[in-house]
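Analysis of the macromolecular model
Residues per chain, in single letters:
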Amino acid sequence: MAQAVGERVGASANGANVAMSIDHVTKYYKTKTGQVHALEDINLQIKQGEFVAIVGPSGCGKSTLLWGMSGLHDLSKGQIVLNGTPVTGPRPEIGMIFQEANLLPWRNLRQNINFPFEIKRKKVGPYEDRINQLLNEVGLAGFENKYPRELSGGMQQRASIVRCLSYDPEVILMDEPFGALDAFTRDEMNLLIQKLWMETGKTIIFVTHNVTEAIFLADRVVVLTPRPGRVAHVFDIDLPRPRTIDETFSPPFIEKVLEIKDTIMTGVYTPRS
Ligand SMILES: Nc1ncnc2c1ncn2[C@@H]1O[C@H](COP(=O)(O)OP(=O)(O)O)[C@@H](O)[C@H]1O
Ligand SMILES: [Mg+2]
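These remarks concern the structure in this document. (Residues numbered from 1 in each chain as written. Chains lettered and ligands numbered in written order. Predicted model: local features only at pLDDT ≥ 70, side-chain atom pairs only at ≥ 80, totals over all residues. Heavy atoms only, no water.)

Quick word on the overall build of the chain
- A count of helices and strands for the chain gives eight helices and 10 strands.
- Taken over the C-alpha trace, the chain has a radius of gyration of 19 Å; the compact-globule value for 273 residues is 19 Å, and the two agree within 12%.
- Intrachain contacts of the chain at a sequence separation of at least 6 include 71% that bridge at least 24 residues.
- Carbon and sulfur atoms form 53% of the exposed surface of the chain, whose accessible area is close to 12800 Å².
- If you average the places of the 30 positive and of the 31 negative side-chain charges in the chain, the two averages end up 6 Å apart. (Helix = DSSP H or I, 4+ residues; strand = E, 2+ residues; numbered from the N terminus. Rg over C-alpha atoms; globule rule 2.2 N^0.38 Å. Contact = heavy atoms within 4.5 Å. Areas by Shrake-Rupley, 256 points an atom, 1.4 Å probe, with all protein chains shown as cover. Lys, Arg positive; Asp, Glu negative; His and termini not counted. Charge placed at Lys NZ, Arg CZ, Asp CG, Glu CD.)

This is the structure in structure tokens:
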């Protein structure tokens, strides 16, 4: 890890430093039957070390926005600026984690984690201590020689988190990473992500359709409208950390869930009280 364990290097420590700026982002997909208007004039500033969750109805453009941030998809209008430079292609400062762990079945866990280094023709040696520490932290130490088929869904997703963190990206983009896991495993993964985020101070942008998960993890929850996705409302989540799963059943938490769900359903924010 770049920072000592337990040290919190988050938004509060970095003040208003902007990691990523999303300026007037609009996206049309061209299809055989015409255009699909996926995003319309999205504007958002994400601070260094901030945890931002993006929620919205299915098909509203959440993945489109995340892929735009990754530099892997073109935008129709607007721009995404990372550390002061427009994103026009993949950037080394960015890591991505998807719903599927996407481990290569013919490689063991260690070889899967080493894979991005091979692609980037980077020596894994200087990162080995870091990788071992991460494996330890996510509970995968001792499983390095196991193949993906020998690991549970949760373990595979832990491996994909280690693979992403191993090369120390500044910004991590996550697209419904726990959507395919059972509820208990999802809780475990949420606690793990909270811990890793608090320790490393990474900037995380996390797409989910699970409102409870969004509130549990995030500093801010951004709600998009139905397609074309626009920002309906941005909710500040001021709950102290570390947050517990038990707190997600408390009345103020549930009140927030209902407020956000209502905004997703209607596309408009109406305070409940
Ligand atoms: N490659 C593509 N070509 C055409 N349409 C697409 C493509 N990818 C996504 N879409 C459409 O754009 C809209 C937004 O998709 P997406 O960003 O995947 O939404 P979400 O992640 O919020 O469910 C959807 O209507 C989807 O069908
Ligand atoms: Mg999606």
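Don't stop here, the text continues.
Looking at the side chain of Ser70
- Within the secondary structure, Ser70 sits in helix H2 (residues 62–70).
- On the accessibility criterion, Ser70 (4% relative accessible area) is buried.
- From its side chain, Ser70 meets the backbone nitrogen of Leu72 in a polar contact 3.1 Å long.
- In this structure, Ser70 is in contact with Val87, Gly89, Pro90, Arg91, Ile94, Met96 and Leu173, ignoring residues within four places of it in sequence. (Buried < 20%, exposed > 50% of the residue type's maximum accessible area, 1.4 Å probe, protein only. Polar contact = N/O pair within 3.5 Å; in protein donor to acceptor, adjacent residues only side chain to side chain.)

Quick word on the packing of aromatic side chains
- Scanning the model with the defined rule gives seven aromatic pairs in all.
- Note on Phe51 and Trp197: the rings are 5.8 Å apart at their centroids and 70° apart in plane angle, and the pair reads as edge-to-face. Here Phe51, found in strand S3 (residues 51–55), pairs with Trp197, found in helix H6 (residues 183–200); they are 146 residues apart in sequence, far enough to count as distant. The pair Phe51 / Trp197 is uniform in exposure class, with both members buried.
- Pairing Phe178 with Phe206 gives two aromatic rings, centres 5.9 Å apart and planes at 55°, and the pair type is tilted. Of the two residues, Phe178 is situated in the loop between strand S7 (171–175) and H6 and Phe206 in strand S8 (residues 203–207); the sequence distance between them amounts to 28 residues. (Phe/Tyr/Trp six-rings, centres within 6.5 Å; stacked < 30°, edge-to-face > 60°.)

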